[in-house]
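Here's the letter readout for the chains.
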Amino acid sequence: MTMSVAGLAQTTDSPIEVDVVGGTSAAVVIAVPAMPTPEVATTIAGPTDALGRQVAEVVASDLKGTGLFAPKGPSGVPGITFPAVQSPDYPTWESQSAASLVQGYVKTNADGGLTVGCYLYDVALKQQLTKAGYVVPARDWRRAAHKCADAIYARLSGDSPFFDSRVAYIAETGPKGNRVKRLAIMDSDGANHRFLTNGQSLVLTPRFSPDYKSLLYVGYAEKRVRIFIYDMASGTQRTLVDVPNTVLAPRWSPDGRTILYSMAQGGNTDIYAIPSSGGTARRLTNSPGIDVGGSFSPDGRRIVFESDRSGKQQLYTMNADGSDQQRISFAGGSYATPEWSPRGDLIAFTRVGSFRIGVMTPDGKGERLLTDSWQDESPSWSPNGRIIQFFRTSQGAGGKSSLWQVDLTGRNERKLPTPADGSDPTWGPVLP
């Protein structure tokens, strides 16, 4: 089939559904040699032979980060020629103990853009499993690499792709008692990093809109706490909620039309819903205590939130209109920062006290803790609901914070590279 998505033209065949829930006992060895070019040409992103190696490096890094694959290459494995891209030398890759093989190419187009070819082969069966071609502006070569990795991951795992996505977070610098906090975004692997705010005002809890056009966040400026929406195209922001009371934890609905937030008033903190275009807010909770952290289910019908109405922070669910409020956490201890999986099957949370990341089903069953470090909090799901991103604060007076990911097995953790300390991560959907 052929499709055009945000400047990428793609061709691919249908994937085979192979369930890998919980991961595999041994990572699959997959060879990823450098991608050749039919003729070396110079682009604004560099020469095509260098880009071929860089694309392969990104593909290998993406696949390795899942914990399902053990990529070999592009360094340390034989190089290939352009004619060999569609005619693999299977004995060579058998000698490398590779179960699968990724080959591809990079070539320039008449308009200065690139075509990146991506082919996946089964080495034992000596057959092609999938192929894809991506046409991109030269500066977007990394997107083509992520798309290639997505195609391979989807074909071999039977799961949905997630590499071609972005992360927003709060970049932190300065001493612990006087942190400068800036809004920042980057690719899912930490590349293409940029700051969106200058740090002159405090910012917290960013969230991407479902269409990636906007970022929602809390800002402290002029001794006021407000909720802002940042327009990604223009770099401007508008105020959504400006009241004398403290507001916190804004979240989008799946269709982008509604925003949840919490507001403290008269000794209580309750959850409200307001149209994302602005207007009158509706109060959804009205119980003594603190109700915070609403997160919609993928179908938009239910909301999970935290409340201390029982005496401790616990997790509750309710209908989108505030009705049918039910407690779902009963394993003991306290819970915070719940977020509903995009698959709808799990809710991630912070286990307060031990500060560990965990998951449970929407009815509160099957609770599992995935991390066991000093202080982990604020989970955010990958677009396919298989990996959770969070931030970790180090032990000691410095209290350095950093961004991490963990898969649903709890065995595969990785730290994301950021130019500054990081907190409050949010993982956006796959790019349109």
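Source: prediction; values computed, not measured.

Description of the sheet that holds strand β30 (residues 387–393)
Now for step 1: If you trace the 4 strands from one edge of the open sheet to the other, you get β29-β30-β31-β32, paired in antiparallel fashion. If you trace the sheet from one side to the other, it starts and ends with β29 (376–381) and β32 (413–415), each paired once. Pairwise comparison of adjacent strand axes, ignoring direction, gives a mean angle of 30 degrees for this sheet.
Now for step 2: Bridge count for β30 against strand β31 (residues 401–407) is 7 bridges, and the pairing is antiparallel. Looking at β31, one finds that Ile 387 is bridged to Asp 407.

Describing the nonpolar core
Now for step 1: The biggest cluster of nonpolar side chains holds 44 residues, and the ones touching the most others in it are Val 55, Val 59, Leu 63, Val 102, Cys 148 and Ile 152.
Now for step 2: Of all the secondary structure elements, the ones that give two or more residues to this core are α1 (48–65), β7 (100–108), β8 (114–122), β9 (127–136), α3 (141–157), β10 (165–173), β11 (180–187) and β30.
Now for step 3: Considering each element in turn, this core owes the most residues, 8 residues, to α3.
Now for step 4: Contact partners of Leu 63, with chain neighbours within four places excluded, come to Ile 30, Phe 69, Pro 71, Ala 149, Ile 152, Tyr 153 and Phe 163.
Now for step 5: Grouped together as the second largest cluster of nonpolar side chains are 15 residues, Ile 227, Trp 252, Tyr 261 and Met 263 included.

A short note on the pattern of salt bridges
Now for step 1: Per the counting criterion, the structure on display carries 22 salt bridges.
Now for step 2: Two residues, Glu 172 and Arg 179, come together in a salt bridge whose shortest N-O distance is 3.2 Å. With respect to burial, Glu 172 and Arg 179 carry one shared label: buried.
Now for step 3: Residues Asp 372 and Arg 356 are paired through a salt bridge, measuring 3.8 Å at the closest nitrogen-oxygen approach. Within this pair, whereas Asp 372 is found in the loop between β28 (368–369) and β29, its partner Arg 356 is found in strand β27 (residues 356–360), the two being separated by 16 residues in sequence.
Now for step 4: Ionic contacts of the salt-bridge type, sharing partners, join the residues Glu 172, Arg 179, Lys 181, Lys 400 and Asp 421 into one network.

A short note on empty space enclosed by the protein
Now for step 1: Counting across every chain of the model gives 3 cavities of 30 Å³ or more.
Now for step 2: Reported here for the second largest cavity is a volume of approximately 90 Å³.
Now for step 3: If one sorts the elements of the lining of the second largest cavity by residue count, α1 sits on top with 3 residues.
Now for step 4: Partitioning the lining of the second largest cavity into residue classes produces 4 nonpolar, 5 polar and 3 charged.

Digging into α1
An α-helix turns once every 3.6 residues. As a result, residues three or four positions apart point the same way.
Now for step 1: With 18 residues, α1 extends 26 Å from end C-alpha to end C-alpha; this agrees with the ideal 26 Å at 1.5 Å per step.
Now for step 2: Looking one or two residues beyond α1, the residue adopting positive phi is Gly 67, at roughly 80 degrees.

Things to note about α3
Now for step 1: For α3, spanning 17 residues, the distance from its first C-alpha to its last is 24 Å, which sits close to the expected 24 Å at 1.5 Å a residue.
Now for step 2: Burial of α3 is extensive: 16 of the 17 residues sit out of reach of the surface.
Now for step 3: Looking one or two residues beyond α3, the residue adopting positive phi is Gly 158, at roughly 75 degrees.

What counts, and at which threshold
Residues numbered from 1 in each chain as written. Predicted model: local features only at pLDDT ≥ 70, side-chain atom pairs only at ≥ 80, totals over all residues. Heavy atoms only, no water. Pairing = 2+ DSSP bridges. Helix = DSSP H or I, 4+ residues; strand = E, 2+ residues; numbered from the N terminus. Axes fitted to C-alpha atoms, helices over the stretch in contact; angles between N-to-C directions. Core = buried A, V, L, I, M, F, W, Y, C linked by side-chain atoms within 4.5 Å. Buried < 20%, exposed > 50% of the residue type's maximum accessible area, 1.4 Å probe, protein only. Contact = heavy atoms within 4.5 Å. Salt bridge = Lys/Arg side-chain N within 4 Å of Asp/Glu carboxyl O. 1 Å grid on protein atoms, 1.4 Å probe; cavity = no way out; pocket = protein on both sides within 12 Å on 5 of 7 lines; lining within 4 Å. Points joined across faces, edges and corners; volume = space filled by probe spheres on them. Nonpolar A, V, L, I, M, F, W, Y, C, P; charged D, E, K, R; others polar. Expected span 1.5 Å × (residues − 1).

By themselves, these observations are geometric and do not establish any function.
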